[in-house]
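Tertiary structure, described
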Amino acid sequence: MLDNLGFHTDRDYHAELDTLNTEINALTGQFEIGLFHSWEAQQNASNRLASLQHRADVIARAAAADDANQNRLAEAVRLVGDIDLGFIAYVVFGPDALPMPARYEIRLIERHGRGYTVPGTTRRDLTEDQLDEVTRELYTEALRPGGHARLWGLDGRDYRTVVTKY
């Protein structure tokens, strides 16, 4: 996501994926030449390899979603006709300045205190017609037995949602 000053505020998924792939290749090389001093070391390396491969899959999916969002923004900027003016319009006026359907991010935060985002209650890449349904889902998740509200002694009035258009 780009903030209102044009800075890219999300993680660099491609750099993380490159680092993970380097570690995966190194461990795979160890398995190919059998460079282990004990059975336990081999099992630990095998478990680490499985963990790294799982993380790489998760980050690859996140990178694909991030790339799709960036491509969507780039296409909308190109439709303006001038790339520089389109980008400046997006930074200054937000997503309403570009000819593209708006997407939304919604998060559940505590109303009192510091505006803490409740863990696990951020949803991205939503359309406007999905916002009400997702809001109900977030409140239900926080208020379920064993959920955030019960853990901290809160009720539904102690939460609010923040919707960000991008």
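Everything below is about the structure printed above this text.
In short, a report on the structure. Quick caveat, the model's predicted, so the values are computed rather than measured. (Residues numbered from 1 in each chain as written. Predicted model: local features only at pLDDT ≥ 70, side-chain atom pairs only at ≥ 80, totals over all residues. Heavy atoms only, no water.)

Turning our eyes to something else, we now look at the sheet that holds strand β1 (residues 104-110). The 3 strands are arranged β2-β1-β3 in an open sheet whose pairing can be described as antiparallel. Edge positions in the sheet fall to β2 (117-126) and β3 (159-165), since each of these pairs with one other strand and no more. Going from strand to strand, the sheet's axes swing by 20° on average, the running direction of each strand aside. Where β1 lies against β3, 7 bridges are found, and the strand directions are antiparallel. Each residue of the ladder has a partner; that of Ile109, found in β3, is Arg160. (Pairing = 2+ DSSP bridges. Helix = DSSP H or I, 4+ residues; strand = E, 2+ residues; numbered from the N terminus. Axes fitted to C-alpha atoms, helices over the stretch in contact; angles between N-to-C directions.)

Let's shift gears to the packing of helix α2 (residues 39-80) against helix α3 (residues 83-93). Contact pair α2 / α3: the axes reach a minimum separation of 7 Å and the direction vectors enclose 120°. One finds that α2 runs oblique with respect to α3. Considering only the axes of α2 and α3, their crossing is right-handed. Side by side, α2 and α3 meet where Leu73, Val77, Arg78 and Val80 of the first sit next to Ile83, Gly86, Phe87 and Tyr90 of the second. Per-class residue counts for the contact of α2 with α3 are 6 nonpolar, 1 polar and 1 charged. (Parallel < 35°, antiparallel > 145°, perpendicular 65-115°, else oblique. Left-handed = near helix turned anticlockwise from the far one by under 90°. Contact = heavy atoms within 4.5 Å. Nonpolar A, V, L, I, M, F, W, Y, C, P; charged D, E, K, R; others polar.)

Orientation of helix α1 (residues 13-33) relative to α2, taken along the N-to-C sense of each, is 155°, at an axis distance of 9 Å. In terms of axis orientation, α1 runs roughly antiparallel to α2. Like other packed secondary-structure pairs, α1 and α2 cross with a definite hand, here left-handed. Residue classes in the contact of α1 with α2 are distributed as 14 nonpolar, 6 polar and 6 charged.

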